[in-house]
Amino acid sequence: MKRNLVIRVAILTALCVACFGTVAWAQQKDTKGCEDHPLFSRMPTYWIHHCDEREFDAHEFVVGMDKGKTVTEHVEGHLWKVFYYPQATAKTRPSELQILRNFENAVRSIGGTVVWTGKSRATFKVLKSGKEFWVDLTTEFTGKHGFTIVEKEAMAQIIQANADVFRNDLRSTGHAAVYGILFDTDSAAIKPESNGTIAEIATLLKADPGLKIFVVGHTDNTGGVDHNLQLSHSRAQSVKQALVKDHGIAAERMKAFGCGPFAPVAPNIAEDGRAKNRRVELVAQ
């Protein structure tokens, strides 16, 4: 009887060990809702442990070192985070250097550049289909690694500044900053998403037929001063022309000027400050 009991216990123990062993070494599956970013395929024997995606956010990308301090670039836009863990069944795991070199080669193969690389981290920049992607790759000695990827873009203006805001600013300070008018880099062509803001300026002018304004363009300090002065004037002129052509505002009620980088409202040392300095202002005549 005791012998049969011992045999039964031994069999059950063996079955339990086999059962738990199977569970422990089962292939791990990607976390629900996670998938590879279109820029990169994953390394063999890896699964996605966690991920995140945000329509608009920002990340500080390391671009170099200066006197022992990290230098970063602030990039805003559509953001993804994807983090990979090696399968428990993997017999070997790649080193940090192997992971870094693997993705450096992948970036170069699609025409991207390696902006900066360290022992366990690298920053890449990829231009693809007219879009600019920044990539922050981080690695661990365990083989775990992940990406933070930002498709650089300006935030879509969800809440438009309106004629009442411009009117109140003009009455209280004599000028009104306008941030909803967008241009391509180094261009005076107005982007279509600016139409709503320009329409609000037209509403302001139509509501007060006696109001005359200066339309003043401003830039950040990127590029030469003379070039920025001309660019800011061209942008102000484009706004004036849009108000005349599309909204019937009399040209003699507006004068276009370019102030270039000479009236900043924020430091030009970081991208968020430079973005504030790139603006159009309305100034009461």
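Located above this text is the structure these notes cover.
Residues numbered from 1 in each chain as written. Predicted model: local features only at pLDDT ≥ 70, side-chain atom pairs only at ≥ 80, totals over all residues. Heavy atoms only, no water.

This next bit is on the pairing of strand β1 (residues 46-66). Where β1 meets strand β2 (residues 69-86), 17 bridges bridge the pair, whose relative direction is antiparallel. If you follow glutamate 60 over to β2, its bridge partner there is histidine 74. What sits between the antiparallel neighbours β1 and β2 is a turn of two residues, in which lysine 67 has the positive phi angle 55°. (Pairing = 2+ DSSP bridges. Helix = DSSP H or I, 4+ residues; strand = E, 2+ residues; numbered from the N terminus.)

What follows covers the pattern of salt bridges. Inspection of every chain in the model, using the stated rule, returns 14 salt bridges. The partner of arginine 54 in a salt bridge is aspartate 57, and the shortest N-O contact between them spans 2.6 Å. On the basis of relative accessibility, which here comes to 23%, the residue aspartate 57 falls in the partly exposed class. Arginine 274 serves as the salt-bridge partner of glutamate 73, at 4.0 Å between the closest nitrogen and oxygen. Remark: arginine 274 occurs in helix α6 (residues 271-277) and glutamate 73 occurs in strand β2; sequence separation between them is 201 residues. On the accessibility criterion, glutamate 73 (22% relative accessible area) is partly exposed. Through salt bridges that share partners, Asp30, Asp36 and Arg42 make up one connected network. (Salt bridge = Lys/Arg side-chain N within 4 Å of Asp/Glu carboxyl O. Buried < 20%, exposed > 50% of the residue type's maximum accessible area, 1.4 Å probe, protein only.)

Further remarks concern the nonpolar core. The tendency in soluble globular proteins is for nonpolar side chains to be buried as a group. Core analysis: the largest hydrophobic core is formed by 24 residues, its most contacted members being Ile181, Ile201, Leu205, Leu243 and Leu282. Looking at this core, the elements that each hand over two or more residues are α3 (163-173), β7 (175-178), α4 (195-207), β8 (213-218), α5 (225-247), β9 (254-260) and β10 (279-284). When residues of this core are assigned to their parent elements, the largest contribution, five residues, is made by α4. Met43, Ile48, Val82 and Leu137 belong to the second largest nonpolar core, which has 21 residues in total. (Core = buried A, V, L, I, M, F, W, Y, C linked by side-chain atoms within 4.5 Å.)

In this section: α4. In this model, α4 (13 residues) spans 18 Å end to end at C-alpha, consistent with the 18 Å of a helix rising 1.5 Å per residue. Of all the positions in α4, only Thr197, Ile198, Ile201, Ala202, Leu204 and Leu205 are classed as buried. Axial view of α4: buried residues confined to an arc of 155°, hence all on one face. The outward face of α4, more than 90 degrees from its buried face, is lined by the exposed residues Lys206 and Ala207. Residues of α4 that are buried in the fold lie against α3, β7, β8, α5, β9 and β10. (Expected span 1.5 Å × (residues − 1). Arc of directions from axis to C-beta. Contact = heavy atoms within 4.5 Å.)

Glancing now at the state of the cysteines. Going through the model one piece at a time under the given rule, you end up with one disulfide. Two residues, cysteine 34 and cysteine 51, share a disulfide whose sulfurs are 2.0 Å apart. Across the S-S bond linking cysteine 34 and cysteine 51, the dihedral sits near -90°, which makes this disulfide left-handed. Taken together, the positions of cysteine 34 in the loop between α1 (2-24) and β1 and cysteine 51 in strand β1 put the pair 17 residues apart, joining distant regions of the chain. (Disulfide = S-S within 2.5 Å.)

Here we take up the packing of α3 against α4. One can describe the packing of α3 onto α4 by two numbers: an axis separation of 8 Å at closest approach and a directional angle of 60°. Our classification of the angle between α3 and α4 gives oblique. Remark: the crossing between α3 and α4 carries right-handed chirality. Contacts from Ala163, Phe166, Arg167 and Leu170 of α3 reach α4 at Thr197, Glu200, Ile201, Thr203, Leu204 and Ala207. (Axes fitted to C-alpha atoms, helices over the stretch in contact; angles between N-to-C directions. Parallel < 35°, antiparallel > 145°, perpendicular 65-115°, else oblique. Left-handed = near helix turned anticlockwise from the far one by under 90°.)

Okay, the sheet that holds β8 next. Here we have four strands laid out as an open sheet, ordered β7-β10-β8-β9, and mixed in their pairing. Each of the sheet's edge strands pairs with one partner strand only, and the pair in question is β7 and β9. Within this sheet the neighbouring strands show an average axis-to-axis angle of 25°, counted without direction. Relative to β10, β8 runs antiparallel, the two being bridged by six bridges.

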